[in-house]
Amino acid sequence: MIMELPEDPLIKKQQSISLRMATLAAFITPFLGSALNVSLPSIGKELSMPAVSLSWIATGYLLAAGMALLPIGKAADMYGRKKFFRIGVWIILTSCVLAMIAPNSTFLLAMRVVEGFGASFIFSTGTAIMVSLYPPQQRGKILGINTASVYSGLSLGPVVGGFITQHLGWRFVFLVPIVIILFVQYFASQLKGDWAEAKGHSFDRAGTAILSSSLLSLVLGMSFMPGTKGFILVIIGITGLGLFWFWQNKTDSPLLEPAIFNNMVFALSNLAALINYAATYAVGFLLSLYLQYIQGLPPQKAGLVLLAQPITMALFSPFSGRLSDKVQPRVLSSLGMGMCALGLLAFSFLNPHTAIWQVVVGLLFLGIGFGLFSSPNTNAVMSSVEKKYLGLASGTLGSMRLLGQVMSMGGASLVFAIYIGNVKITPESYPAFLTALDVMFKVCCGLCVLGIWASLSRGNLKRQHSVKS
């Protein structure tokens, strides 16, 4: 039974501040990522970057974030989440300023790696701080709002990024997150408390080294495929991840708590997130190249076409988040995964004569699907654990998201390497490019079918309740 007591005005104010802080922070990364997707042909032309190297503008960021997320999340639980959140904000601000003046492709890629490292500080703390301040019965609602901010960033990124790239140049795209990050830092400074709930715990240095080197080996291997070096690195990466799991079960202070994966709702919800992001994340990257190279659209118009997916996500995610407080999340998430599969299947038939409206319809299917999937799935993860595990749950879900995104972009790099090679995309390589798209989208559709199984198999959520005080 839940005791309804008057809400403390101070707590209510802190809740509001945390929601603004986390929501704005959630906007920055997807905005910059989707804006840069539209800018890729311009970046490639100015800095003479081939297709595989262009994919590393996204992959380098994701790899750095994925390598650092769990270790940073553990350290933040030990030394204070707010402190680490603010450090991450400053890292992202600095990297964006330096990326604006990048003299060559190597420096730009390095700044994207630094930005990914900074993002790991935010991913591992922002949601955990926000969820810690709200009661369980409101989590679906606030997570829906937070997810809507992500999709708003994805929505505005192609439009604003396309406009800026076409009229000012791609470097000015980095100016937008610089302005927003200053507001995020202001809200973070208004929060009272630091949330160091694991103070005094030991830090798993060996696990950190194993995880980071394994992810690096796996992603580098995918970019070197189908060569011998690529296969060797992939095998080393997969073996390393197995070793990491073995070590987490052995050590007294793991980065991950293996026992929490005995909770099937938690485990399969994270698996569903991994599969969904692996299947869908590279879509914006691939379609941006298709629309500009094959369809011949300028950056601004390509951005307007890509707007269809994220704006649909932004509209559906708050609704599905609120609904997941009443309806079992597995039902909504499975329906969403099915919609994503249909959209990806449609994209496997793209050719030079495909009408733009057909691309938009496929994006609408993806947008509705992901909008139905993400908020309920996040609610399932965060509501399936006790409060003391909220930081771990947030970090684990973030790791699944980033690992899925890395796998998606790594898969795109692999397919490009096989069918196009490490060369610039030119009219002579357009047929090979379309073949690569066909293969990639069919593989992603198959992943979504597997994700439907994971989503349905998790079982019903037994919601955690708490006494208001």
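In this section: the overall build of the protein. A tally of helices and strands in the protein yields 17 helices and zero strands. Computed over C-alpha atoms, the radius of gyration of the protein comes to 21 Å, within 12% of the 23 Å expected from 2.2 N^0.38 for 469 residues, which places it in the range of a compact globule. By principal-axis analysis of the C-alpha atoms, the protein measures approximately 70 × 45 × 45 Å. In the protein, which comprises 469 residues, the share counted as buried stands at 60%. A separation of at least 24 residues holds for 85% of the contacts in the protein among residues at least 6 apart in sequence. Carbon and sulfur atoms provide 68% of the accessible area of the protein, an area that totals close to 18500 Å². Across the protein, the mean location of the 31 positive side-chain charges is 4 Å away from that of the 15 negative side-chain charges.

The next thing to look at is the confidence of the model for the protein. Summing up the model confidence of the protein, the mean pLDDT is 81 and the portion of residues at 70 or higher is 90%. In the model, residues 464–469 has pLDDT below 50 throughout and makes 17 contacts with residues more than four positions away in sequence or in other chains.

What follows deals with the environment of phenylalanine 433. Note on placement: phenylalanine 433 falls in helix H17 (residues 430–457). What makes phenylalanine 433 buried here is its relative accessible area of 0%. Once the C-alpha coordinates of phenylalanine 433 and glycine 242 are considered, the two residues, 191 residues apart in sequence, prove to be 34 Å apart.

It is worth spelling out the packing of aromatic side chains at this point. With the rule as written, the count across this model stands at twelve aromatic pairs. Judged by centre distance (5.7 Å) and plane angle (20 degrees), the ring pair of phenylalanine 84 and phenylalanine 121 falls under stacked. Linking phenylalanine 84 in helix H3 (residues 81–100) with phenylalanine 121 in helix H4 (residues 105–123), this pair joins segments that are 37 residues apart in sequence. Both residues of the pair, phenylalanine 84 and phenylalanine 121, belong to the buried class. Among the aromatic residues, ring-to-ring pairing joins Phe84, Phe117 and Phe121 into one connected group.

With that settled, consider the packing of helix H1 (residues 9–47) against helix H11 (residues 283–294). Relative orientation of the contacting elements H1 and H11 amounts to 45 degrees, with a least axis distance of 9 Å. Judged by the angle between their axes, H1 and H11 are oblique. Handedness of the H1/H11 crossing: right-handed. Between H1 and H11, the contacting residues are Asn37, Val38, Leu40 and Pro41 on the first element and Gly284, Phe285, Ser288, Leu289, Gln292 and Tyr293 on the second. Residues belonging to the contact of H1 with H11 are distributed by class as follows: six nonpolar, four polar and no charged.

Turning our eyes to something else, we now look at helix H12 (residues 299–306). Since the α-helix advances by 3.6 residues per turn, residues separated by three or four positions end up pointing in the same direction. Looking at H12, one finds that the buried residues are Pro299, Ala302, Gly303, Val305 and Leu306. The arc enclosing the buried residues of H12, seen along the axis, measures out at 160 degrees, which places them on a common side.

A word on the side chain of threonine 354. Residue placement: threonine 354 occurs in the loop between helix H14 (329–347) and helix H15 (356–383). We classify threonine 354 as buried; its relative accessible area is 11%. At 2.9 Å, the side chain of threonine 354 forms a polar contact with the backbone nitrogen of asparagine 351.

Looking at the element boundaries, serine 269 is found in helix H10 (residues 264–280). Relative accessible area serves as the criterion here: at 0%, serine 269 is assigned to the buried category. In this view, serine 269 contacts Met264, Asn377, Ala380, Val381 and Arg458; residues no more than four positions away in its chain are not counted.

Thresholds, definitions, all that
Residue indices begin from 1 for each chain and proceed along its sequence in written order. Local features in this predicted model are restricted to residues whose pLDDT is 70 or higher, and side-chain atom pairs enter the listing and the counts only when it is 80 or higher, whereas totals over whole chains, interfaces and linings include all residues. For side-chain calculations, the full set of non-hydrogen atoms in the structure is used, while hydrogens and water are omitted. Only runs of H or I of at least four residues qualify as helices and only runs of E of at least two qualify as strands under DSSP, and these elements are numbered from the N terminus. Computation of the radius of gyration draws on C-alpha atoms, with the globule rule given as 2.2 Å multiplied by the number of residues to the power 0.38. Remark: exposure states derive from per-residue accessible area (1.4 Å probe, protein chains only) relative to the maximum for the residue type, with buried under 20%, exposed over 50%, and partly exposed in between. In what follows, residue pairs with any heavy atoms lying within 4.5 Å of each other are defined as contacts. Surface exposure here means Shrake-Rupley accessible area, sampled with a 1.4 Å probe, where a residue is shielded only by the protein chains that are shown. In this charge count, Lys and Arg are treated as positive and Asp and Glu as negative; neither His nor the chain ends contribute. For the purpose of locating charges, the reference atoms are NZ of Lys, CZ of Arg, CG of Asp and CD of Glu. Confidence scores labelled pLDDT are given residue by residue by the predictor and lie between 0 and 100. Here is the rule: rings of Phe, Tyr and Trp (six-membered ring for Trp) pair when centre to centre is within 6.5 Å. Planes less than 30 degrees apart are stacked, more than 60 are edge-to-face, and the remainder are tilted. To get an axis, a line is fitted to the C-alpha atoms, and for a helix only the part in contact is used. The angle between two axes follows their N-to-C directions and goes from 0 to 180 degrees. Under this scheme an angle from 65 to 115 degrees is roughly perpendicular, one under 35 degrees roughly parallel, and one over 145 degrees roughly antiparallel; angles in between are oblique. Crossing handedness is read from the near helix: turned anticlockwise from the far helix by less than a right angle, it gives a left-handed crossing, and turned clockwise, a right-handed one. Nonpolar residues are Ala, Val, Leu, Ile, Met, Phe, Trp, Tyr, Cys and Pro. Charged residues are Asp, Glu, Lys and Arg, and all others, Gly as well, are polar. Working definition: the arc comes from the directions between the helix axis and the C-beta atoms, pointing outward to the latter. Contacts described as polar in this section are N or O atom pairs within 3.5 Å, which, within protein, must combine one atom able to donate a hydrogen with one able to accept it, while residues neighboring in sequence count only if both atoms come from side chains.

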